[in-house]
Amino acid sequence: MSRSKLKTAAAPAYEIRRSPIHGTGVFAARDLRKGERIVEYRGELISKEESERRGLALMEKARRDGGASVYIFTLDDEWDLDGDQPDNDARLINHSCDPNCEAWNYDNRLFIEAARDIRKGEELGFNYGFSFDTWEDHPCRCGTAQCAGYIVAREEWPKLRRALAARERAAGKKAASRKIAGGRASGPSGGRSARGGSGSRS
Ligand SMILES: [Zn+2]
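Here the structure is a predicted model, which means the values were calculated and not measured.

S.K.: Pulling in residues and values, what's your account of the environment of Ala153?
M.R.: When you line up the elements, Ala153 lands in the loop between β10 (125-126) and α3 (157-169). For the pair Ala153 and Cys97, spaced 56 residues apart in the sequence, the C-alpha separation amounts to 8.9 Å. Discounting residues that sit within four places of it in the chain, Ala153 has contacts with Asn127, Gly129, Phe130, Ser131 and Ser193.

This is the structure:
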């Protein structure tokens with residue numbers, strides 16, 4: 001393999017390989033500083049109406065063949081971003097309940113940035129920020145000490161804890177299991193959310 005191209009390129013910030021958390025993951029290829037921009041979350045800008053349509057289609061697909069992944073991000077009141085495209089490496093970043101990265105929205109372009117200093121070889125993760133409404137569809141396997149058990153926006157963790165406690169009390173009754181096998185994430189309103197670089201945090 002020729003090394004000439006590698007020599008001229010800046011050291012890449014990340015690399016993609018198998019993850020102990022889930023499927024494929026994204027890892028720091030070198031030490032990263034807090035606040036450093038790592039990768040753009042590329043995608044197609046879509047209306048809320050189109051977003052809803054795609055979300056429902058994915059739900060339907062999940063019901064049929066037990067697998068669907070949602071890469072749709074909530075941008076603002078008008079637009080979402082569907083990152084389900086092959087050139088969007090950032091779609092492979094796993095959710096974490098104790099994330100070392102954050103997604104930031106700069107005028108409807110999304111960037112994954114280091115939320116703290118990250119050492120070379122660490123797996124990158126951010127909180128997908130899913131709505132509480134679909135919590136049962138998204139069990140979390142992040143394995144961090146902070147893990148809430150389900151992929152839900154941090155602001156909604158108190159609600160999640162109450163729901164889990166209620167379920168605990170109702171144990172004995174068969175809890176409805178709506179796990180989607182192999183699904184990394186799905187749900188009609190299961191869009192990811194970003195922090196607003198321009199103040200439009202959703
Ligand atoms: Zn977790």
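S.K.: An account of unusual backbone geometry is needed here, citing residue identities and associated values.
M.R.: With a phi close to 50 degrees, Asp107 is a non-glycine residue in the positive phi region. Looking at the secondary structure, you find Asp107 in the loop between β8 (101-106) and β9 (109-114). You can call Asp107 exposed: it has 10 C-beta atoms within 10 Å. For Asn108, which is not glycine, the phi dihedral falls at a positive 65 degrees. Within the secondary structure, Asn108 sits in the loop between β8 and β9.

S.K.: Describe the sheet that holds strand β11 (residues 192-193), listing the residues and the values that go with them.
M.R.: Strand order in the open sheet made by the four strands is β4-β6-β5-β11, with mixed pairing throughout. Strand pairing shows two members of the sheet lacking a second neighbour, β4 (44-47) and β11, which therefore form its edges. The strands touched by helix α2 (residues 48-65) are β4, β5 (72-74) and β6 (79-82); relative to β4, the strand with the most contacts, the crossing angle is about 100 degrees.

Reading the values: rules and limits
- Residues numbered from 1 in each chain as written.
- Predicted model: local features only at pLDDT ≥ 70, side-chain atom pairs only at ≥ 80, totals over all residues.
- Helix = DSSP H or I, 4+ residues; strand = E, 2+ residues; numbered from the N terminus.
- Contact = placed C-beta atoms within 7 Å.
- Buried ≥ 20, exposed ≤ 12 C-beta atoms within 10 Å, placed from the backbone.
- Pairing = 2+ DSSP bridges.
- Axes fitted to C-alpha atoms, helices over the stretch in contact; angles between N-to-C directions.

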